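So you can see what is in the structure, the chains are spelled out below.
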Amino acid sequence: MIHSHAAHWFARGMRGALSTPGLVLVATFIGFGGLLHDLGFPIFAGILSTLLIWALPAQVILVGGLAAGASLPALALAVCLSGVRLLPMVVSLMPLMRGPWPRLLSELVCAHFVAVTMWVEGFRLLPKVPAEGRPAYAAGLGFGLTALSMFGTAVGFYLTGALPGPLAVALLLLTPISFAILLVRNARQPVDWLAIGLGAAISPLVANSPGGLDLFWAGVGGGTLAFFIARHLPGARS
């Protein structure tokens, strides 16, 4: 009975991935697939990188570095540093994904799927799911988004001859543009808007940070400042 209940919420999560952000991911990873083809990167390895890494900046670093002949230890370090920006997203979303009976394995699986789109959609969809179904729903949502990304990677690789180079590059920008739009859409409290504004103000100051951590510093810096302002200024509290 428990397994069928989990399967139900997992399937609901996969259906939840079939949304506008999911379609944006497909378009974005079509651009990534075209990049793989242009660099002569094997399609199987590219799809595997989508499954195992599923963070487009880190994947571009990996593929571009391998094509340029960079050393594997240096690439591993660069990919890890790029992934650090996702840690605050995992920490903030985990209470919603954990459910009433925390299990380490399910938490690790859910944490793996947390990237920009999963983070935004998780905050939008998970509060509507009963607590006992959230781990399975989160896993289904993450797997569904990842499967869409893998599909987009394959489509982009095999259609790259019909895809102009500038368009393939432009598609890579859809995810950050979509993230910004969804972030604004999901803002409900004054402190949310304050965090967005402060993060945007900090972004030019931390651009081109070592290890590609500019998004990390802008997000953590803006969010932290907004938290303290909301805590100490009564007029800014949500």
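Predicted model only: the values in this text are computed from it and were never measured. (Residues numbered from 1 in each chain as written. Predicted model: local features only at pLDDT ≥ 70, side-chain atom pairs only at ≥ 80, totals over all residues. Heavy atoms only, no water.)

What follows covers the nonpolar core. Soluble, globular proteins show a tendency: their nonpolar side chains are buried together. By size, the foremost hydrophobic cluster in this structure holds 44 residues, and its most contacted members are Trp-54, Leu-93, Met-97, Val-114 and Met-118. Of all elements in the fold, only helix H2 (20-39), helix H4 (56-68), helix H5 (72-83), helix H6 (87-98), helix H8 (116-125) and helix H9 (134-158) reach the threshold of two or more residues within this core. Here this core gets eight residues from one element, more than from any other, and that element is H9. Those residues within four positions of Trp-54 in sequence are excluded, and the remaining contacts are Leu-25, Phe-29, Ser-49, Gln-59, Phe-113, Ala-115, Met-118, Leu-145, Thr-146 and Ser-149. (Core = buried A, V, L, I, M, F, W, Y, C linked by side-chain atoms within 4.5 Å. Buried < 20%, exposed > 50% of the residue type's maximum accessible area, 1.4 Å probe, protein only. Helix = DSSP H or I, 4+ residues; strand = E, 2+ residues; numbered from the N terminus. Contact = heavy atoms within 4.5 Å.)

As a further point, take the environment of Leu-18. Here Leu-18 shows up in the loop between helix H1 (2-16) and H2. Given a relative accessible area of 65%, Leu-18 falls into the exposed group. In this structure the C-alpha to C-alpha distance between Leu-18 and Leu-148, which are 130 residues apart in sequence, comes to 8.5 Å.

Attention now moves to the confidence of the model for the protein chain. On average, residues of the protein chain carry a pLDDT of 79, and 78% of them reach 70 or more. For the protein chain, helix H11 (residues 174-186) is the element with the lowest average pLDDT, namely 62, and H9 is the one with the highest, namely 91. (pLDDT = per-residue confidence, 0-100.)

A word on a nonpolar patch on the surface. Taken together, Phe-44, Leu-48 and Leu-52 make up a surface patch of nonpolar side chains, about 330 Å² in accessible area. Mapped onto the fold, Phe-44 is located in helix H3 (residues 43-52). The class for Phe-44 is exposed, based on a relative accessible area of 64%. (Patch = residues over 30% accessible without salt bridge, like charges linked within 9 Å, V, L, I, M, F, W, Y side chains within 5 Å. Areas by Shrake-Rupley, 256 points an atom, 1.4 Å probe, with all protein chains shown as cover. Salt bridge = Lys/Arg side-chain N within 4 Å of Asp/Glu carboxyl O.)

So, on to the packing of H2 against H9. At a minimum axis separation of 6 Å, H2 and H9 run at an interaxial angle of 40°. If you check the angle between H2 and H9, you find them oblique. Crossing of H2 over H9 shows right-handed handedness. Residues Gly-22, Leu-25, Val-26, Phe-29, Ile-30, Phe-32, Gly-33, Gly-34, Leu-36 and His-37 of H2 form the contact with H9, whose participating residues are Leu-145, Leu-148, Ser-149, Phe-151, Gly-152, Thr-153, Val-155, Gly-156 and Phe-157. In terms of residue class, the contact of H2 with H9 is made up of 11 nonpolar, eight polar and no charged. (Axes fitted to C-alpha atoms, helices over the stretch in contact; angles between N-to-C directions. Parallel < 35°, antiparallel > 145°, perpendicular 65-115°, else oblique. Left-handed = near helix turned anticlockwise from the far one by under 90°. Nonpolar A, V, L, I, M, F, W, Y, C, P; charged D, E, K, R; others polar.)

Turning our attention to the side chain of Glu-107. Structurally, Glu-107 can be placed in helix H7 (residues 104-112). Residues in contact with Glu-107, not counting those within four places in the same chain, are Met-94, Arg-98 and Pro-102.

Right, let's get into the side chain of Gln-59. The topology assignment puts Gln-59 in helix H4. Its relative accessible area of 0% is what places Gln-59 among the buried residues.

Packing of H4 against H5 leaves a shortest axis separation of 9 Å and a crossing angle of 165°. Compared by their axis directions, H4 and H5 come out roughly antiparallel. Like other packed secondary-structure pairs, H4 and H5 cross with a definite hand, here right-handed. Where H4 approaches H5, its residues Pro-57, Ala-58, Ile-61, Leu-62, Gly-65 and Leu-66 are matched on the opposing element by Leu-72, Leu-75, Ala-78, Val-79 and Ser-82. Classifying every residue of the contact of H4 with H5 by side-chain character gives nine nonpolar, two polar and no charged.

Summed over all chains, the structure comprises two salt bridges. Where Arg-98 meets Glu-107, a salt bridge forms, and the shortest distance between an N and an O atom there is 3.2 Å. Of the charged contacts in the structure, one is a salt bridge between Arg-124 and Glu-121, with a shortest N-O distance of 2.6 Å. Taken together, the residues span about one helical turn, with Arg-124 and Glu-121 both in helix H8 at a distance of three residues. Relative accessible area serves as the criterion here: at 0%, Glu-121 is assigned to the buried category.

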